[in-house]
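Residue strings, one per chain:
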Amino acid sequence: KPVRVMENPVSLMEKSGLTKLWQERKISNFEYLMMLNTIAGRTYNDLSQYPVMPWILKDYTSKKINLNDPSIFRDLSKPIG
């Protein structure tokens, strides 16, 4: 019988209850994304496996941005590029 060195990420997610914690606002968006990245094997120690964060802003020219203004955010229903 083969020895399992690492549990599969889907199983880890199910067991962690991470999504439920995030949905119930018990952890922040940042904490959720960092934990997802950790489960996916991403790390700051290797530039080729650096954590992934969503690209949400579309205004990169203004000197100041108002985070309460919806027009500065990218339309997340459309793909990047």
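Residues numbered from 1 in each chain as written. Predicted model: local features only at pLDDT ≥ 70, side-chain atom pairs only at ≥ 80, totals over all residues. Heavy atoms only, no water.

Caption draft 1: Up close: the packing of aromatic side chains. Taken as a whole, this structure holds 2 aromatic pairs when the rule is applied. Taken together, a centroid distance of 4.5 Å and an interplanar angle of 10 degrees make the contact between W22 and Y32 stacked. Placement of W22 in helix α2 (residues 18-23) and of Y32 in helix α3 (residues 29-39) is noted, with a sequence separation of 10 residues between them. Relative accessible area serves as the criterion here: at 32%, W22 is assigned to the partly exposed category. When the ring of Y44 is compared with that of Y50, the centres are 4.9 Å apart and the planes differ by 80 degrees; the resulting orientation is edge-to-face. (Phe/Tyr/Trp six-rings, centres within 6.5 Å; stacked < 30°, edge-to-face > 60°. Helix = DSSP H or I, 4+ residues; strand = E, 2+ residues; numbered from the N terminus. Buried < 20%, exposed > 50% of the residue type's maximum accessible area, 1.4 Å probe, protein only.)

Caption draft 2: Quick peek at unusual backbone geometry. Within the chain, R25 stands out as a residue other than glycine whose phi angle is a positive 60 degrees. Locating R25 in the fold gives a position in the loop between α2 and α3. On the basis of relative accessible area, R25 is assigned to the exposed category, the value being 78%.

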